[in-house]
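# Examination of the molecular architecture
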Amino acid sequence: MNKKKYILKPGKHQFAPGSAAVHDNDSLTDKEAAWYIKRYPHIKSLFVQLPNRSSTKQNKTGEGK
């Protein structure tokens, strides 16, 4: 679960107008989060921004021997 791209701020959240506040980190996948953000851009503020992890792939190439 540490490798999630989308981490919600603490608590239950409502994404769609008129829907119940049922979303939290335990019940939301990255795929679902991306869909909701695309459909309802105003919810982006409910998420915590994680640091960029793009440099981890470079260590697997064997460079720097």
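Note that the structure is predicted; figures quoted are calculated from it, not measured.

For the rest of this paragraph, the subject is the overall build of the chain. From N to C terminus, the chain includes 1 helix and 2 strands. Beginning at the N terminus, the succession of helices and strands in the chain can be written as β-α-β. When each of the 65 residues of the chain is scored for burial, the buried share is 22%. Carbon and sulfur atoms make up 53% of the accessible area of the chain, which totals about 5500 Å².

Here we take up the side chain of D24. Here D24 is to be found in the loop between strand 1 (7-8) and helix 1 (30-39). Of the polar contacts made by the side chain of D24, one reaches the side chain of K12; its length is 2.8 Å. Of the polar contacts made by the side chain of D24, one reaches the backbone nitrogen of D26; its length is 3.1 Å. Apart from the residues within four sequence positions on either side, D24 is in contact with L8, G11 and K12.

Here K44 shows up in the loop between helix 1 and strand 2 (47-48). Given a relative accessible area of 58%, K44 falls into the exposed group. Sequence separation of K44 and F15 is 29 residues, and the distance between their C-alpha atoms is 9.7 Å.

Further remarks concern the side chain of H23. Within the secondary structure, H23 sits in the loop between strand 1 and helix 1. Excluding its chain neighbours within four sequence positions, the residues that come into contact with H23 are L8, G11, K12, H13, F15, L28 and Y36.

Topologically, H13 is positioned in the loop between strand 1 and helix 1. Its relative accessible area of 10% is what places H13 among the buried residues. Among the polar contacts listed, one links the side chain of H13 to the backbone oxygen of K9, at a separation of 2.7 Å.

When pLDDT is averaged along the chain, the result is 79, and 75% of the positions lie at 70 or above. Ignoring residues within four places in sequence, the model shows residues 54-60, a span with pLDDT below 50, making 0 contacts including any to other chains.

How each quantity is defined
- Per chain, residue numbering runs from 1 following the sequence as it is written.
- In keeping with the predicted nature of the model, local features appear solely for residues at pLDDT of at least 70, side-chain atom pairs appear and are counted solely at 80 or more, and the whole-chain, interface and lining totals rest on all residues.
- Excluding hydrogens and water, the side-chain figures rest on all heavy atoms present in the structure.
- Think of it this way: any DSSP run of H or I at least four residues long counts as a helix, any run of E at least two long counts as a strand, and we number them from the N terminus.
- For each residue, the accessible area found with a 1.4 Å probe, counting protein chains only, is set against the maximum for its type, and the residue is called buried under 20%, exposed over 50%, and partly exposed in between.
- Residue exposure ignores everything except the shown protein chains as possible cover, and the areas themselves are Shrake-Rupley values with a 1.4 Å probe.
- Two N or O atoms count as a polar contact when they lie within 3.5 Å, although within protein this holds only if one can serve as hydrogen donor and the other as acceptor, and sequence-adjacent residues are included solely when both atoms are side-chain atoms.
- Two residues qualify as a contact provided that any one of their heavy atoms is within 4.5 Å of a heavy atom in the partner residue.
- The predictor attaches a confidence to each residue, and that confidence, scored 0 to 100, is pLDDT.

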